Amino acid sequence: NRRPILILYKDKVYAASMNGMPHGTTTIDDNDFDGHFCIHFKNSKTHDTDKVDPDHQAAVTVASKATW
C-alpha cells in the first residue's frame, strides 16, 4: 500500500508517497525496524524496476493537495 505524505526539508514542503509497510531485507541493526520503506516523489522510479509506479504517483498527487 502506498501512503501520501508531506516532507518538510529546509523550510520547503514536498509531496511524496511512501510504502505503507516495511519491505526488503535492508536493516539498520539498532533501530528495531525490519526492512526499509521507500519514498517516491513526482516521476521518481522504483529501485527494482527502474519505472515510474502509477500507484505511487497517485499518492503523490493526493499529497500535493494537502497542506502542512
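Residues numbered from 1 in each chain as written. Predicted model: local features only at pLDDT ≥ 70, side-chain atom pairs only at ≥ 80, totals over all residues. Heavy atoms only, no water.

Q: What is the right way to look at the pairing of strand 1 (residues 2–9) in this model?
A: Along any regular strand, the residues point their side chains to alternate faces of the sheet. Here strand 1 runs beside strand 2 (residues 12–19); their pairing, made up of eight bridges, is antiparallel. By the bridge assignment for strand 2, Ile 5 is matched with Ala 16. (Pairing = 2+ DSSP bridges. Helix = DSSP H or I, 4+ residues; strand = E, 2+ residues; numbered from the N terminus.)

Q: When you look at the sheet that holds strand 2 in this model, what are you seeing that I'm missing?
A: Strand pairs in the sheet, formed through backbone hydrogen bonds, run parallel or antiparallel to each other. A sheet is described by the order of its strands in space; here three strands give the open sequence 1-2-3, paired in antiparallel fashion. Every other strand in the sheet has two partners, leaving strand 1 and strand 3 (39–40) as the edge strands with one partner each.

Q: Would you mind showing me how to read the confidence of the model for the chain here?
A: Interpretation of this model should avoid reading the predicted coordinates in detail wherever pLDDT is low. When pLDDT is averaged along the chain, the result is 89, and 97% of the positions lie at 70 or above. Per-element averaging of pLDDT across the chain places strand 3 at the bottom with 94 and helix 1 (residues 54–64) at the top with 97. (pLDDT = per-residue confidence, 0-100.)

Q: What should I look at first to understand the side chain of Asn 19 in this one?
A: Relative to the helices and strands, Asn 19 resides in strand 2. Here the side chain of Asn 19 touches Cys 38 through a polar contact of 3.1 Å, landing on its backbone nitrogen. For Asn 19, the residues in contact, after removing those within four places along its chain, are Asn 1, Phe 37, Cys 38 and His 56. (Polar contact = N/O pair within 3.5 Å; in protein donor to acceptor, adjacent residues only side chain to side chain. Contact = heavy atoms within 4.5 Å.)

Q: Where do I start with the pattern of salt bridges in this structure?
A: Counting across every chain of the model gives one salt bridge. Among the salt bridges present, the one from Asp 53 reaches Arg 2, with a minimum N-O distance of 2.8 Å. Of this pair, Asp 53 sits in the loop between strand 3 and helix 1 while Arg 2 sits in strand 1; the two residues are 51 residues apart in sequence, bridging distant segments of the chain. (Salt bridge = Lys/Arg side-chain N within 4 Å of Asp/Glu carboxyl O.)

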